[in-house]
Amino acid sequence: MIILAIETSCDDTCVSILNIKKQKIEILSNIVSSQAEIHKKYGGVYPTMAKREHQKNLLPVLKKAFKKAGIKNFIKPKIDFIAVTIGPGLEPCLWTGVNFAKALAHLWNIKIIPVNHIEAHILANFVGETRNNAKHYTKPREKLFPAVCLVVSGGHTQLILMRDFGKYKILGETRDDAAGECFDKTARILGLGYPGGPAIAAEAAKINPVKSFASSKRKSEILFNRVKLPRPMIYSKDYDFSFSGLKTAVLYNFKKQNSKVKKSKIYIQAMCREIQQSVIDVLIKKTIKSAKDYKVKTIILGGGVTANQELRKQFEEKIKKELSNIQYLKPNIQFCTDNAAMIAITAYFHKKEAKDWKNIKVNANLRTN
Ligand code: KG4
Ligand code: ZN
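Because the structure is a prediction, the values reported are computed rather than measured.

## A short note on the domain arrangement of the protein chain
Item 1. Domain annotation of the protein chain identifies domain 1 (2-127 + 333-359) and domain 2 (141-329).
Item 2. Contacts between domain 1 and domain 2 engage 21 residues on the former and 25 residues on the latter.
Item 3. Of the roughly 1,800 Å² buried where domain 1 meets domain 2, counting both sides, 72% is carbon and sulfur surface.
Item 4. Contact with domain 2 buries surface across domain 1, with Ile118, Ile122 and Ile333 losing the most and accounting together for 28% of the total.
Item 5. Here domain 1 is connected to domain 2 by 0 salt bridges.
Item 6. For the side of domain 1 that touches domain 2, the secondary structure elements donating two or more residues are helix H1 (36-40) and helix H4 (117-123).
Item 7. At 5 residues, the largest contribution of residues to the side of domain 1 that touches domain 2 is made by H4.
Item 8. Of the residues belonging to the side of domain 1 that touches domain 2, the class tally is 11 nonpolar, 7 polar and 3 charged.

Below you can see the structure in the form of structure tokens.
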């Protein structure tokens, strides 16, 4: 089954073509056109600007995807379904992708499978060229489920109980900012680039307290010790999160420093390390708690923040230590942030829901249950 997928829910214009067989997924093309450079100036995504960029980019990205997949016939290509993200996301952006999908579906006389972006971040674990991902894809369901999924992106932070493909229950979510949003906003405070997650991770990786203290001793130690941030809601009994307090704590800490400290490399690096660790501590604590409470067989990560190497590593160590009999799934790095391959694989699991283009509409606040 060949699926062409379109994703425009935020600031990446993505088109992917997958050939999905029973035992194997072949990625014919997976094109992502990032708008990060455009939004960098503002430290966040401007929906109307993102929409305009999607409008400009969709056709060139589609053409690239066709070329990469070796498809030459634009009029009647060998494609069985179109998959498109219908929500959640930025409404003007979603409509751009959905209208594009409708036009193609009408032209090619094929059906559209509507896709939930959050579910796609979870199912991104089942697409990939590594043997490991292929193994999960063909695994019997009773060996995988129930699973607990942590979806952490720029727009969402949710803990979801997954009983099967398509069967979800939200256990908890953020009450304010998403974890990725917290990275983006605190990176802005510290004068780092957008997206903030990779920028903070890169700064955090530069500092090694032991080495720093050994070399420049007192001064760097003092700078480093200026940075202590809260772990919001880490001991709350529910599965909810809150990251806006962390952002405020970063702002106050930064504001009270003198201009020399604000510009010092070691202060910025220490701050980034602490922001990252605070987010990691809370995410791991709540996920492990839910995995134990629901006696799950698998922990599944998904979303842009799960590209964070420290998060991936610390999760692995914690699971090995506390839940050694549990499977741990994380997407290949390229499928953590937004892409359309994850939309195609999700559509495959929902192929029975294929609809005529006239019946497809956006739902910007779509939920997973
Ligand atoms: O899933 P995604 O591409 O888009 C949404 O659905 O929102 O996630 C984007 C988010 C951004 O907030 C970005 O800062 C964060 O993922 N991110 C990271 C890393 N790479 C991207 N956060 C932490 N560490 C990273 N390496
Ligand atoms: Zn996303």
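## Looking at the side chain of Glu203
Item 1. With respect to the secondary-structure elements, Glu203 resides in helix H8 (residues 196-206).
Item 2. For Glu203, a relative accessible area of 15% gives the class buried.
Item 3. Separated by 2.7 Å, the side chains of Glu203 and Lys206 make a polar contact.
Item 4. Other than its neighbours up to four places away in sequence, Glu203 contacts Leu192, Ile268, Gln269 and Cys272.

## Some thoughts on the coordination of the zinc ion (ligand 2)
Item 1. Listed as protein donors to the zinc ion (ligand 2) are His117 (NE2), His121 (NE2) and Asp338 (OD); their distances from the metal cover 2.0 to 2.1 Å.
Item 2. Read in sequence order, the donor residues for the zinc ion (ligand 2) give the motif H-x3-H-x216-D. Remark: His121 and His117 occur in helix H4; sequence separation between them is 4 residues, near one turn of the helix.
Item 3. Under the relative-accessibility criterion, His117 is labelled buried at 6%.
Item 4. His121 gets classed as buried once you look at its relative accessible area, which sits at 0%.

## A look at the site of ligand 1
Item 1. Near ligand 1, the surroundings consist of 20 residues, among which Gly154, Asp184, Gly197, Gly304 and Asp338 are the closest.
Item 2. The side chain of His121 places a nitrogen or oxygen atom 3.0 Å from an oxygen atom of ligand 1.
Item 3. Between ligand 1 and the protein, one listed contact pairs an oxygen atom with a backbone N or O atom of Gly155 at 3.2 Å.
Item 4. Look at ligand 1: alone it shows 560 Å² of surface, and the protein chains cover 89% of it.
Item 5. In this structure, ligand 1 is accommodated by the largest pocket.
Item 6. Contributions of two or more residues to the shell around ligand 1 are made by H4, helix H7 (179-189) and H8.
Item 7. Here the residues of the shell around ligand 1 sort into 6 nonpolar, 12 polar and 2 charged.
Item 8. Taken together, domain 1 (2-127 + 333-359) and domain 2 (141-329) each give at least three residues to the shell around ligand 1, which thus spans both.

Cut-offs and rules
Residues numbered from 1 in each chain as written. Chains lettered and ligands numbered in written order. Predicted model: local features only at pLDDT ≥ 70, side-chain atom pairs only at ≥ 80, totals over all residues. Heavy atoms only, no water. Domains from an automatic or database assignment. Contact = heavy atoms within 4.5 Å. Buried area = accessible area lost by both parts, 1.4 Å probe. Salt bridge = Lys/Arg side-chain N within 4 Å of Asp/Glu carboxyl O. Helix = DSSP H or I, 4+ residues; strand = E, 2+ residues; numbered from the N terminus. Nonpolar A, V, L, I, M, F, W, Y, C, P; charged D, E, K, R; others polar. Buried < 20%, exposed > 50% of the residue type's maximum accessible area, 1.4 Å probe, protein only. Polar contact = N/O pair within 3.5 Å; in protein donor to acceptor, adjacent residues only side chain to side chain. Donors = N, O, S within 2.8 Å, 3.2 Å for Na, K, Ca; no water. Near = heavy atom within 4 Å. Areas by Shrake-Rupley, 256 points an atom, 1.4 Å probe, with all protein chains shown as cover. 1 Å grid on protein atoms, 1.4 Å probe; cavity = no way out; pocket = protein on both sides within 12 Å on 5 of 7 lines; lining within 4 Å. Sits in = over half its atoms within 2 Å of the grid points.

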